[in-house]
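# Coordinate analysis (summary)
The residues making up each chain are set out below.
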Amino acid sequence: MLATTGWTAVHRPESGASPRAAALVSWAQARFEGRALPAADAPAPVVARFFAGLDGAQRARLAEGHPLVVGNLEGVPVTTRYRANRIALRQAARAEEAAGHDVTLAPADRAAAARRAHRFDSLAEPDRQILIFDPTGGALVAEVFGDLDAARRISVIVPGVDTDALTFERTQRRLTAPAGMAESLYEAERAASPGSRTAVIAWAGYTAPTGVGMDAATGRMAVDGAQKLRALTTSLPGRAGVALFCHSYGSVVCGVAAHELPDRVTDIAVAGSPGMRAENVGELGTSARVWAMRDSGDWIADVPHLELGGLGHGADPVSTGFGARVLSASGAKSHTGYFEPGTDSLDNFAKIGTGAFASMVCSTGDDACRRGISGTNGP
């Protein structure tokens, strides 16, 4: 199976085929019980209709035969995607483990392979709900906390630079990694509103810049990320409202995506933002509420908030002229502490995620950030 689905190409760049690319070719050429499979780039409703016509055993067979496609295919039932991605992660872990013992590779490459094998094994644990897994490059990953099918409100964490499979979760400084951020937010939402049916997605589903260099100073990688974010939010199951929580460069992705996001995205909250590639909320072209926060000790405040010749990301989202609803981030302690329990930032995020707007804490200490929202105590 490893050979037919492309896994032998993981550490053979001369072959020119990544596992994902090989899997897509296999999917395009395959037939299932005499029928052609939907195209891998087919709209989510088309894919959903195809899978709705299959029983559980048939879905499982497709997940087992084409895990790298089924696990990333918008419109596939989420439980089937979880199953497919668990299989794909285990296959990837075996391939990386083999590479870790390949004496023809440089020691640094063997060490990197061993780290990836460890990470993929962790992500493949039976209790984890992996919505996206693509091992290409640094690898793309998304994980769900909660019941996505039953959720009435869905929160999506959009992280910033230096995000890939290896940094998706951390043992130390857990809450600086996407998985830790999402788990912390999910726990805070359940504490804030125990009866609410919510789900949180840790979404490392785009190729993020590495370090604070030229890629982080431009919107090039945010454009690709925005397309993927739009696809995610459009294809999520049910009719739940969606709130985006965009940290650092992730806020650039959210800003670029804003005008194309579906109406179900009701809130966009940015923290530690270098800008959203807009001069004000109006330029974002979204009907969603836009929230912004920054801790007083966050170094991102010293980054010039402008855009010139493609460099920079525009106005400061917490500035008065930008027009966002500015929230307190008290207690966050610098650039990476926004999801720490006990902070105003996490409490405010949880209230956005559960719709408890009336008790949010504004940066100004009054009700300015809550005004005009139905059900709050603002005018």
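Residues numbered from 1 in each chain as written. Predicted model: local features only at pLDDT ≥ 70, side-chain atom pairs only at ≥ 80, totals over all residues. Heavy atoms only, no water.

## So, the confidence of the model for the protein chain
Going by this rule: Confidence of the prediction at every residue is given by pLDDT, a number between 0 and 100. Throughout, a contact is declared for two residues whenever any of their heavy atoms are within 4.5 Å.
Mean pLDDT for the protein chain: 91, with 93% of residues reaching 70 or above. Counted against residues more than four places away or in other chains, residues 1-15, with its pLDDT under 50, gives 34 contacts.

## Some thoughts on the nonpolar core
Going by this rule: In this text, buried Ala, Val, Leu, Ile, Met, Phe, Trp, Tyr and Cys residues form a nonpolar core when linked through side-chain atoms within 4.5 Å. Accessibility here uses a 1.4 Å probe with only protein chains present; expressed as a share of the type maximum, an area under 20% marks a residue as buried, one over 50% as exposed, and anything in between as partly exposed. Each helix is a run of DSSP H or I of at least 4 residues and each strand a run of E of at least 2, with the numbering of both proceeding from the N terminus.
Phe 51, Leu 62, Phe 133, Leu 185, Trp 291 and Phe 349 are the most contacted members of the largest nonpolar core, which has 62 residues in total. At six residues, helix H7 (residues 178-192) tops the list of elements feeding residues into this core. In contact with Leu 62, other than residues within four places in its own chain, are Trp 27, Phe 32, Leu 37, Phe 50, Phe 51, Leu 54, Pro 67 and Val 70. Residues Ala 142, Ala 208, Val 281 and Ala 315 belong to the second largest nonpolar core, which totals 47 residues.

## A look at the pairing of strand S8 (residues 265-271)
Here is the rule we go by: If DSSP finds at least two bridges between two strands, the strands pair. Seen with its strands pointing away from the viewer, a crossover is right-handed if its path from the first strand over the helix to the second goes clockwise.
Buried residues dominate S8, accounting for six of its seven residues. As paired elements, strand S7 (residues 241-247) and S8 share six bridges and run parallel to each other. Bridged to Phe 245 within S8 is Ala 269. One crossover worth recording links S7 to the parallel S8 by way of helix H10 (residues 249-257), and it is right-handed. Both S8 and strand S9 (residues 289-293) contribute to a ladder of five bridges, which runs parallel. Among the inter-strand pairings, Asp 267 is bridged to a residue of S9, identified as Arg 289.

## Topic: unusual backbone geometry
Here Ser 248, not a glycine, exhibits a phi torsion of approximately 55 degrees, which is positive. The topology assignment puts Ser 248 in the loop between S7 and H10. Despite not being glycine, Ser 334 has its phi angle at roughly 80 degrees, a positive value. Looking at where Ser 334 falls in the secondary structure, it is placed in the loop between strand S10 (325-326) and helix H12 (344-354).

## Observations regarding the packing of aromatic side chains
Heads up, the condition is: Stacked, tilted and edge-to-face are the three classes assigned to paired rings of Phe, Tyr and Trp, where Trp is represented by its six-membered ring and a pair needs centres within 6.5 Å; plane angles under 30 degrees give stacked, over 60 edge-to-face, the rest tilted. We count a charge as sitting over a ring when the NZ of a lysine or the CZ of an arginine lies within 6 Å of the ring centre and within 35 degrees of the ring normal.
All chains considered together, the criterion is met by six aromatic pairs. With a centroid separation of 5.1 Å and 75 degrees between ring planes, the pair formed by Phe 120 and Phe 133 is classed as edge-to-face. Residue Phe 120 is located in helix H6 (residues 107-123), and its partner Phe 133 is located in strand S3 (residues 129-134); the two are separated by 13 residues in the primary sequence. On the basis of relative accessibility, which here comes to 0%, the residue Phe 120 falls in the buried class. Seen from their ring centres, Phe 339 and Phe 349 are 5.1 Å apart, and the 40 degrees between their planes marks the pair as tilted. In this pair, Phe 339 is assigned in the loop between S10 and H12 and Phe 349 in helix H12, connecting sequence segments ten residues apart. Assessed through its relative accessible area of 2%, Phe 339 is described here as buried. When the ring centre of Trp 291 is taken as origin, the NZ or CZ atom of Arg 325, which lies over that ring, is 5.7 Å away.

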